[in-house]
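Fold and contact review
Residue-level listing of the chains:
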Amino acid sequence: MSGALEGIRILDLSRILAGPWATQMLADFGAEVIKVERPGNGDDTRGWGPPYIKNAAGEDTEDAAYFHAANRGKRSISIDITQPEGQQLIHKLAKQCDVLVENYKVGGLAKYGLDYDALRSTNPSLIYCSITGFGQTGPYKSRAGYDFMIQAMGGLMSITGDPQGQPMKVGVAQADIMTGLYACNAIQAALIHRMKTGQGQQIDLALLDVQVATLANQGMNYLASGKSPERLGNAHPNIVPYQAFATADGHIILAVGNDAQFAKFCTLAGQPELARDPRFASNRSRVENRHQLLPDIEYLMRQHNSDWWLENLSRQGVPCGPINTLEQVFADPQVQHRQMQVELPHTEAGNSPSIANPVKFSETPINYHQAPPLRGEHSQEILEELLDMNQQDWRHLFGKNIVQ
């Protein structure tokens, strides 16, 4: 069965995470993605290990697990874009593509004649997605941007972590991943616009913009009140009780979302009068009086072990959950039922594990056909197929190290 984006071809000049995350999503949806890597080491994340993907003999390959997180379903060609012949190849490939994705610093590709204006002259209908730390305009546009610093500058770290500890980053590169998701959405919107008008366009995406946008309710809390939210650890700024609690033998998440759920919790805990106390009867009053309420809940939660709470809270319809390790996550029957781990064919590894795309299409299901490629694995194939190059042309470029 064909993918939803079958017939769309992406030229992927991005590396690290935000750009590759977007193009992997597009590949999952059926687009053809050609990943352009520099000769030598290729995408930086190929070396960001350990751990590394194992080959069929159980030995480390040269590709880190990090690289495999964001590059499945793509073909790889290795081109030296610093050389004029390499630049000519990119122009020729761009003419055969619908979308180009890049995450060089502002002006980084202009010196090679590969910026939007240059490639638009080659392919006027090209959609050109530029991902940077700070965007194509503004006082910071020339700065390099990395996820960790963007989480800090964009306010996320100021609201993450224990109130008595230091500000904390999220455990994954959240700004990069969210930027990749925004890029994927923007590219599909631009493709629809092109279907209607025939026009290509440039998409300007900045990690800092995305981080500010995804502050969500916390950002609006500030705009509505004029007061910067503070770190609450695992607590929620707008809902109480909604956090991690210690039990008799561990910790669980209690996520009470409304007053009826709170009343059920109180009854189960043997303290139904708490739900009738005017200080705690509504979510608004619980938020305003959280410091009076939470010690009581902490005491009650310690009266039973985690399994008791999880079983009985779930039976009563009160949202709760365990705090799983990743081993427990991938062993969870719900995660397994949803087939969130897949095995993909790989040239060296035989089969390589991958985390599935969470989108489930009824008519155009995702086809997991290929693990992330080896660097330059498809160079000759792509040049012959898209640019009609013969073996003599290929060998000429290979001999001059323009293509590997």
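Residues numbered from 1 in each chain as written. Predicted model: local features only at pLDDT ≥ 70, side-chain atom pairs only at ≥ 80, totals over all residues. Heavy atoms only, no water.

1. Side note on the sheet that holds strand β9 (residues 242–246)
Spatial ordering of the open sheet is given by β9-β10-β11, a layout of three strands whose pairing is antiparallel. One side of each edge strand has no neighbouring strand; the edge strands of this open sheet are β9 and β11 (320–322). In this sheet, adjacent strand axes meet at a mean angle of 25° when their direction is disregarded. The pairing of β9 with strand β10 (residues 251–255) spans five bridges and is antiparallel. Each residue of the ladder has a partner; that of A244, found in β10, is I253. Contacting β9 and β10, helix α11 (residues 290–301) runs over the sheet at an angle of about 45° to β9. (Pairing = 2+ DSSP bridges. Helix = DSSP H or I, 4+ residues; strand = E, 2+ residues; numbered from the N terminus. Axes fitted to C-alpha atoms, helices over the stretch in contact; angles between N-to-C directions. Contact = heavy atoms within 4.5 Å.)

2. Details of a nonpolar patch on the surface
The grouping of Y140, Y146, M149 and M153 at the surface amounts to a nonpolar patch, some 400 Å² of accessible area in total. Position of Y140 among the secondary structure elements: in the loop between β7 (127–132) and α5 (147–153). Judged by its relative accessible area of 34%, Y140 falls in the partly exposed class. (Patch = residues over 30% accessible without salt bridge, like charges linked within 9 Å, V, L, I, M, F, W, Y side chains within 5 Å. Areas by Shrake-Rupley, 256 points an atom, 1.4 Å probe, with all protein chains shown as cover. Salt bridge = Lys/Arg side-chain N within 4 Å of Asp/Glu carboxyl O. Buried < 20%, exposed > 50% of the residue type's maximum accessible area, 1.4 Å probe, protein only.)

3. A short note on the pattern of salt bridges
A full pass over the atoms with the stated rule returns 18 salt bridges. Across the pair D98 and R194 runs a salt bridge, and its minimum N-O distance is 2.8 Å. With D98 in the loop between α3 (84–95) and β6 (99–102) and R194 in helix α6 (residues 174–197), this pair connects stretches of sequence that are 96 residues apart. The two residues D98 and R194 agree in class, both being buried. In this structure, the salt-bridge partner of R286 is D259, at a minimum N-O distance of 3.0 Å. You can see R286 sitting in helix α10 (residues 283–288) and its partner D259 sitting in helix α9 (residues 259–268), a full 27 residues away along the chain. Taking the relative accessible area as the measure of exposure, D259 reaches 35% and is therefore partly exposed.

4. Considering the packing of helix α15 (residues 379–387) against helix α16 (residues 391–399)
Two elements in contact, α15 and α16, have axes whose closest approach is 10 Å; the angle formed by their N-to-C orientations is 135°. Classified by the angle their axes make, α15 and α16 are oblique. Between α15 and α16 lies a crossing of right-handed hand. Facing α15, whose interface residues are S379, Q380, L383 and E384, α16 presents Q391, W394 and L397. Looking at the contact of α15 with α16 residue by residue, the classes come out as three nonpolar, three polar and one charged. (Parallel < 35°, antiparallel > 145°, perpendicular 65-115°, else oblique. Left-handed = near helix turned anticlockwise from the far one by under 90°. Nonpolar A, V, L, I, M, F, W, Y, C, P; charged D, E, K, R; others polar.)

5. A few points about unusual backbone geometry
Glycine aside, the phi torsion of most residues is negative, and most peptide linkages are trans. The step from G49 to P50 runs through a cis peptide bond, and the omega angle for that step is 5°. Turning to its location among the elements, P50 is positioned in the loop between β2 (32–37) and β3 (52–54). In this structure, N401 takes a positive phi of about 60° despite not being glycine. Here N401 is to be found in the segment after α16.

6. Quick word on the packing of aromatic side chains
Tallying each qualifying case throughout the model produces seven aromatic pairs. Seen from their ring centres, F29 and F361 are 5.3 Å apart, and the 80° between their planes marks the pair as edge-to-face. Taken together, the positions of F29 in the loop between α1 (18–28) and β2 and F361 in the loop between β13 (350–355) and α15 put the pair 332 residues apart, joining distant regions of the chain. Its relative accessible area of 31% is what places F361 among the partly exposed residues. Members of the aromatic cluster, each reached through a chain of ring pairs, are F265, W308 and W309. A cation over an aromatic ring shows up here: R15 above the ring of Y104, its NZ or CZ 4.1 Å from the ring centre. Over the ring of Y140 we find R143; its NZ or CZ atom is 3.9 Å from the centre of that ring. (Phe/Tyr/Trp six-rings, centres within 6.5 Å; stacked < 30°, edge-to-face > 60°. Lys NZ or Arg CZ within 6 Å of the ring centre and 35° of its normal.)

7. Focus on the sheet that holds β7
Overall, parallel pairing links the six strands, which are arranged β5-β2-β1-β6-β7-β8 in an open sheet. Pairing within the sheet leaves two strands with one partner each, and these edge strands are β5 (74–78) and β8 (201–206). Taken over all neighbouring pairs, the strand axes of this sheet differ in orientation by 20° on average, direction set aside. Sheet topology note: the strand β1 (residues 9–12)/β6 ladder contains three bridges and is parallel. Residue pairing for β6: L11 is matched across the bridge by L100.

8. Some remarks on the environment of Q303
For Q303, the location among the structural elements is in the loop between α11 and α12 (306–315). For the pair Q303 and T247, spaced 56 residues apart in sequence, the C-alpha to C-alpha distance is 6.9 Å. Side-chain polar atoms of Q303 contact the backbone oxygen of Y299, separated by 2.8 Å. (Polar contact = N/O pair within 3.5 Å; in protein donor to acceptor, adjacent residues only side chain to side chain.)

9. Focus: the nonpolar core
One finds I10, C129, I131 and I187 to be the most contacted residues of the largest nonpolar core, which totals 30 residues. Mapped by element, the contributors of at least two residues to this core are α1, β6, β7, α6, β8 and α7 (207–213). At six residues, α6 tops the list of elements feeding residues into this core. Ranked by size, the runner-up nonpolar core spans 28 residues in total, among them L89, L114, L383 and L386. (Core = buried A, V, L, I, M, F, W, Y, C linked by side-chain atoms within 4.5 Å.)

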